[in-house]
Every structure is written in structure tokens, then in C-alpha cells.
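What follows is the residue order along each chain.
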Amino acid sequence: MSRGPDIRIARVHDDVDRTTGARLLVDRVWPRGIAKAELRLDEWIRDVAPSTDLRTWFGHDPEKWQEFQERYRAELDANPEAVDRCLGWSREGPVTLLFAAKDRDHNQAVVLRRYLIELAKAGEESDDPAG
């Protein structure tokens, strides 16, 4: 049985050489103070990021984390094109989702990574003739 896609997360300020595979920026806005060449991106998938309204409401407040996850997952459910772009990269090999937030535990990349892995595993199970 497969363990799912190799999807990791990293801050945009982390050492580029310590990341694996395709590098996808998953923020809606370009990170402050970072030159485009510095990130060495494979793709900027801004449409997979939380909406501006959701991002503003959340404000990286850990007290809102649970509700943020639910709202963001609902946005992802309604945005299959952007999700499929991320999944497409993960089918080709390892992926690192890049985010700019300072909080490594309460940000959209954490939610997106889990969401993508769950979708990929569900897809594998539905493709399994024995399942």
C-alpha cells in the first residue's frame, strides 16, 4: 500500500537547498523582501491560497485555527482547478509547499498539505480494483 505523495512544507526564508522536489509558492501575495530569483520556484499557485477575506479574518490567530481549517478546506473543495495543479506536481515527484507566515504550525500550507495527501490517498483507494 502506498503511503501517499511526498509533500513537505517550508517557509520562504528557509534554505533553498534543504527543500525537496518541486517548489510551489502557495501564498496569495508575493512574500515581502524576497526577490523572485531568490525563491527558485517551479510555480506560484496563488489561486490555491485562502481567499483574501479568510486570510484577513484569520490573521494567524491560533485561537481561530480550528475554524480557519474548516473554512479553508471548504474553499479548497470549491476550487478543484488549483488543487489539481498541486496534485499534478505531487504525481511527478516530491513537492515542497512554500509559505511566508512566521508561524510554522498555524498556516495554510499545513492545511493544504494534509488536504492534498488525503485527496491523493482517496484517489488511490478508488483506483484499487480490490477496494
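The rules behind each value
- Residues numbered from 1 in each chain as written.
- Predicted model: local features only at pLDDT ≥ 70, side-chain atom pairs only at ≥ 80, totals over all residues.
- Heavy atoms only, no water.
- Helix = DSSP H or I, 4+ residues; strand = E, 2+ residues; numbered from the N terminus.
- Expected span 1.5 Å × (residues − 1).
- Buried < 20%, exposed > 50% of the residue type's maximum accessible area, 1.4 Å probe, protein only.
- Pairing = 2+ DSSP bridges.

Draft legend 1. Examining helix 4 (residues 80-92) more closely. Taking 1.5 Å of rise per residue, 13 residues should cover 18 Å, and helix 4 covers 18 Å from first to last C-alpha, within 8% of that figure. At the C-terminal side of helix 4, glycine 93 shows a positive phi close to 155°.

Draft legend 2. Summary view of the environment of leucine 76. Examined against the element boundaries, leucine 76 turns out to sit in helix 3 (residues 65-77). With 29 residues separating them in the primary sequence, leucine 76 and aspartate 47 have C-alpha atoms 9.6 Å apart.

Draft legend 3. Fine view of the pairing of strand 4 (residues 95-99). Buried residues dominate strand 4, accounting for 5 of its 5 residues. Of the two faces of strand 4, the one carrying Val95, Leu97 and Phe99 and the one carrying Thr96 and Leu98 are both buried. In terms of strand pairing, strand 2 (residues 22-25) meets strand 4 through 4 bridges, oriented parallel. Among the inter-strand pairings, arginine 23 is bridged to a residue of strand 4, identified as threonine 96.

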